[in-house]
Amino acid sequence: MTCFETIQAYGLRSIGIGENLLPKSDFTLCQQFTLIGSGMIWNIYFGALALIAGFVLANALALAKASHSPWTRKPAEWFVFVFRGSPLFIQFFLAYETLVLLPRAGIEVFGLTIATSWTTKAWAGALFVMFLNTAAYSAEIFFGALRSIPKGDLEAAEAYGITGWQKFRRIQWPTMLRLGWPAYTNEAIFLFHATTLVFFSSFPAFGQKGDALYYANYFADKTFNPFVPYPIIAFYFILLTLLVTFVFGRINRHLNRYVPQNQRSRIRLRAGLIR
Amino acid sequence: MFAVCADPKTIEGLTWAFCYLTSGKHLDFYGSFLTVILLLVITAPCALALGFGGATAARSQVLALRIIGKTYIAMVRGIPDIIFFLFFVIALDQGIEYLKSLAVCPAGSLWPWQGLEFRVCQEAKVPLGASSAFWHNAYGFALAVVTFAIVFGAFTANVMFGAMQAVPKAQLETAEAYGMSHAQVFRRILVPQMWVFALPGLSNLWMILIKATPLLFLLGVEDIVYYARELGGSKTQSYAYPHGDWRLIYFIGLLIFYLTMTKISEKVLGRLSANLSKGQATAAGEAMRRAGA
């Protein structure tokens, strides 16, 4: 098989398109690159969707955490504590075991049967966990940013007669995003790294449709040689990290567009850490 | 273990629960919590030492050392650490067996990486095939500890390097003006002062280390996740203590364990931070001085 044929056969293998059987012997470098790259589709799927949905929830949570009423503050604080205080790994297990306990046949609500079996699949269940997890981490970042908005900005807004919702939308929210953005960029990178845990914890991969690490591990197990597949997946992740940094950097520039040059917040990458 | 529990099928209620929770497997389960704590206790100082070494090397005046230090710090950037965990364990295992094979295998043995297999002669296996299960477990655990120490050492080196840079330059220059040598400045001025700058990063790392411990399960160590899955799975009548699928309950237990660890760590590190800030030229130290005065 030439490399081009390999790409045709395995390029979309992780979502079930192409050759059904994975290569069993005579592994070529091209096969490893193609399959691991095809697995990256899942990593990007989990990361991107969880990030977008998590962003919305994180904003709500940050506001709830900053609110004066304990009825909204306490639940938000607990949510953030539980998701930041426990390993993502355990959260995956817990979610999976909970979802498995749902009745197989579906739940009857007002005569309608709601199917439940799809929730135990990785594409839904794991995505949901990642969404909640990143929401908690981002909420803490945005909460910190919300509290470090310069007092003068808020007083100036009030002096201009901007109050309530107007003040939030035009002053507080943009400033919060601007201040929190460098930390949020790191969070996005960690989130993409954390997507490798999905098929490694509890959610099974059906029909060998897994993420990049699933295939890298497959090759490492089959060839007893970790020195090829793991550097390949590392290479892909460095590319992904660069891409995320680039996109978030553009957004950061947009958020900082009206700030004087010397006061702009810059994105500093921190080492990727496990959650 | 207890006389009451001799025949588990006949007992009920609280006695059953008591016997169930003190069965042999459960005692192993409680022991595995110690495994996790042992991992934390061993890894933290090792990572601290590696990190200190890495950070010192990265700001050394010898080019070769500086390159080694910087590479070590940069190593973990941009790559998910789970990949390091999977990679290092196999790589270390094969490396050790290869080195041992050089020493003990008969001359003329094959190069160990043969096609799809990694083969060394029987005498070079670590641990030896005939040794007990305890040694196999201990070896797996040791590999895990070394891997954790290397990966977290790199994170720590990153934090320490930043902390060393954060110590005010004027302090170091003053010390040099008093005629201290490089080593003396390092020992007497830089190291005592860097901790207050390193602490926020280090406490963050400690939290992350706690939350990384379930990865032991991935490395094949029989840790709490392993036992929670084993014990929680539904047991038929052929087992001494039959029950349904209780894995959810066990995992909630694990969740509570981790949340407690996090909470305690937060408290202790908060105290430590307050202690270290005393008399330091930082905002926190200044606030303390004002409050005291």
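Before any of the text, the structure's been laid out above.
Undergrad: Break down the overall build of chain B for me, citing the residues and quoting the values.
TA: The secondary structure content of chain B amounts to 11 helices and two strands. Shown N-terminal to C-terminal, the secondary structure of chain B runs as helices and strands in the order α-α-α-α-β-β-α-α-α-α-α-α-α. Relative to the globule expectation of 19 Å for 293 residues, the C-alpha radius of gyration of chain B, 25 Å, shows a markedly less compact shape. Dimensions along the principal axes, computed over C-alpha positions, put chain B at roughly 80 × 70 × 35 Å.

Undergrad: Kindly report on the overall build of chain A, identifying the contributing residues and their values.
TA: The secondary structure content of chain A amounts to nine helices and two strands. Written out in order from the N terminus, the α and β elements of chain A read α-α-α-α-β-β-α-α-α-α-α. Structurally, chain A occupies a C-alpha span of about 75 × 55 × 30 Å along its principal axes. Taking all 275 residues of chain A together, the buried fraction comes to 52%. For chain A, the share of sequence-separated contacts (at least 6 apart) that also reach a separation of at least 24 residues comes to 74%. Of the accessible surface of chain A, which amounts to about 13500 Å², a share of 65% is contributed by carbon and sulfur atoms. Both charge centroids of chain A, one from 24 positive and one from 13 negative side chains, sit 10 Å from each other.

Undergrad: Please provide a residue-by-residue account of the packing of aromatic side chains, values included.
TA: Taken as a whole and assessed by the stated rule, the structure comprises 41 aromatic pairs over all chains. Here A:Phe89 and A:Phe93 contribute two aromatic rings whose centre-to-centre distance is 5.2 Å and whose plane-to-plane angle is 80 degrees, an arrangement assigned as edge-to-face. With a gap of four residues between them, A:Phe89 and A:Phe93 both fall in helix H4 (residues 88-101), about one helical turn apart. Classification of A:Phe93 as buried rests on a relative accessible area of 0%. By way of ring pairs, the aromatic residues A:Trp42, A:Tyr45, A:Phe46, A:Phe199, A:Tyr214 and A:Tyr215 are connected into one cluster. Geometry around A:Phe143 places A:Lys65 over its ring, the cationic atom sitting 4.5 Å from the centre. Here the basic side chain of B:Lys263 rests over the ring of A:Phe81, its NZ or CZ set 4.6 Å away from the ring centre.

Undergrad: Let's hear about the interface of chain A and chain B: which residues, and what values?
TA: Each partner contributes to the interface: chain A provides 40 residues, whereas chain B provides 43 residues. Summed over both partners, the interface of chain A with chain B comes to about 3900 Å²; 77% of that surface belongs to carbon and sulfur atoms. One can count one salt bridge joining chain A with chain B. Between A:Glu97 and B:Arg247 there is a salt bridge, and its shortest N-O distance comes to 3.3 Å.

Undergrad: Outline the packing of helix H2 (residues 29-66) of chain A against helix H5 (residues 122-147) of chain A, supporting the account with residue identities and numerical values.
TA: Residues and elements named next belong to chain A. Interaxial distance between H2 and H5 falls to 5 Å at its minimum, and their mutual angle equals 40 degrees. In terms of orientation, H2 and H5 fall into the oblique class. In terms of crossing hand, the pair formed by H2 and H5 is right-handed. Grouping the amino acids of the contact of H2 with H5 by side-chain chemistry returns 26 nonpolar, four polar and two charged.

Undergrad: Hey, could you go over the packing of helix H2 (residues 24-58) of chain B against helix H3 (residues 63-75) of chain B for me, with residue numbers and the actual values?
TA: Residue and element names in this part refer to chain B. Put simply, H2 and H3 touch, their axes get as near as 7 Å, and they point 130 degrees apart. By the angle class used here, H2 and H3 are oblique. Crossing of H2 against H3: the hand is left-handed. Counting all contacts with H2, which are made through Leu-50, Gly-54, Ala-57 and Ala-58, the residues of H3 involved are Leu-65, Arg-66, Gly-69, Lys-70, Tyr-72 and Ile-73.

Undergrad: Tell me what's going on with the state of the cysteines, and back it up with residues and numbers.
TA: Residues and elements named next belong to chain A. Under the counting rule described, the total for this entry stands at one disulfide over all chains. Between the sulfur atoms of Cys-3 and its disulfide mate Cys-30 the distance is 2.1 Å. Its S-S torsion of approximately 85 degrees makes the covalent link between Cys-3 and Cys-30 right-handed. On the criterion of sequence distance, the pair formed by Cys-3 in helix H1 (residues 3-10) and Cys-30 in helix H2 is long-range, its members being 27 residues apart. Under the relative-accessibility criterion, Cys-30 is labelled buried at 18%.

Undergrad: How would you summarise the pattern of salt bridges if you had to cite specific residues and measurements?
TA: All names here are of chain A. A full pass over the atoms with the stated rule returns six salt bridges over all chains. Here Arg-73 and Glu-77 are joined by a salt bridge, their closest N and O atoms 3.8 Å apart. In this pair, Arg-73 and Glu-77 are both assigned in helix H3 (residues 70-85), four residues apart and thus about one turn of the helix distant. Given the relative accessible area of 27%, Glu-77 is considered partly exposed. A salt bridge links Lys-167 to Glu-158; its shortest N-O distance comes to 2.9 Å.

Undergrad: Give me the lowdown on the nonpolar core, citing residues and values where you can.
TA: Residues and elements named next belong to chain B. Core analysis: the largest hydrophobic core is formed by 145 residues, its most contacted members being Phe-148 and Phe-152. Tallying contributions element by element places helix H5 (residues 133-166) first for this core, with 16 residues. If sequence neighbours within four positions are ignored, Phe-148 has contacts with Leu-39, Thr-43, Phe-85, Gly-153, Leu-209, Ala-212, Thr-213, Leu-215, Leu-216 and Leu-219. With five residues, the next largest nonpolar core counts Cys-105, Val-120, Cys-121 and Ala-124 among its residues.

Undergrad: Requested: an account of the environment of B:Tyr20, with residues and values cited.
TA: Residue and element names in this part refer to chain B. Its location among the elements puts Tyr-20 in helix H1 (residues 13-21). Considered as a pair, Tyr-20 and Pro-242 are 222 residues apart in the sequence and their alpha carbons are 9.8 Å apart. Those residues in contact with Tyr-20 that lie beyond four places of it in its chain are His-26, Leu-231, Tyr-241, His-243, Trp-246 and Tyr-250.

Reading guide: rules and limits
- Residues numbered from 1 in each chain as written.
- Chains lettered and ligands numbered in written order.
- Predicted model: local features only at pLDDT ≥ 70, side-chain atom pairs only at ≥ 80, totals over all residues.
- Heavy atoms only, no water.
- Helix = DSSP H or I, 4+ residues; strand = E, 2+ residues; numbered from the N terminus.
- Rg over C-alpha atoms; globule rule 2.2 N^0.38 Å.
- Buried < 20%, exposed > 50% of the residue type's maximum accessible area, 1.4 Å probe, protein only.
- Contact = heavy atoms within 4.5 Å.
- Areas by Shrake-Rupley, 256 points an atom, 1.4 Å probe, with all protein chains shown as cover.
- Lys, Arg positive; Asp, Glu negative; His and termini not counted.
- Charge placed at Lys NZ, Arg CZ, Asp CG, Glu CD.
- Phe/Tyr/Trp six-rings, centres within 6.5 Å; stacked < 30°, edge-to-face > 60°.
- Lys NZ or Arg CZ within 6 Å of the ring centre and 35° of its normal.
- Buried area = accessible area lost by both parts, 1.4 Å probe.
- Salt bridge = Lys/Arg side-chain N within 4 Å of Asp/Glu carboxyl O.
- Axes fitted to C-alpha atoms, helices over the stretch in contact; angles between N-to-C directions.
- Parallel < 35°, antiparallel > 145°, perpendicular 65-115°, else oblique.
- Left-handed = near helix turned anticlockwise from the far one by under 90°.
- Nonpolar A, V, L, I, M, F, W, Y, C, P; charged D, E, K, R; others polar.
- Disulfide = S-S within 2.5 Å.
- Core = buried A, V, L, I, M, F, W, Y, C linked by side-chain atoms within 4.5 Å.

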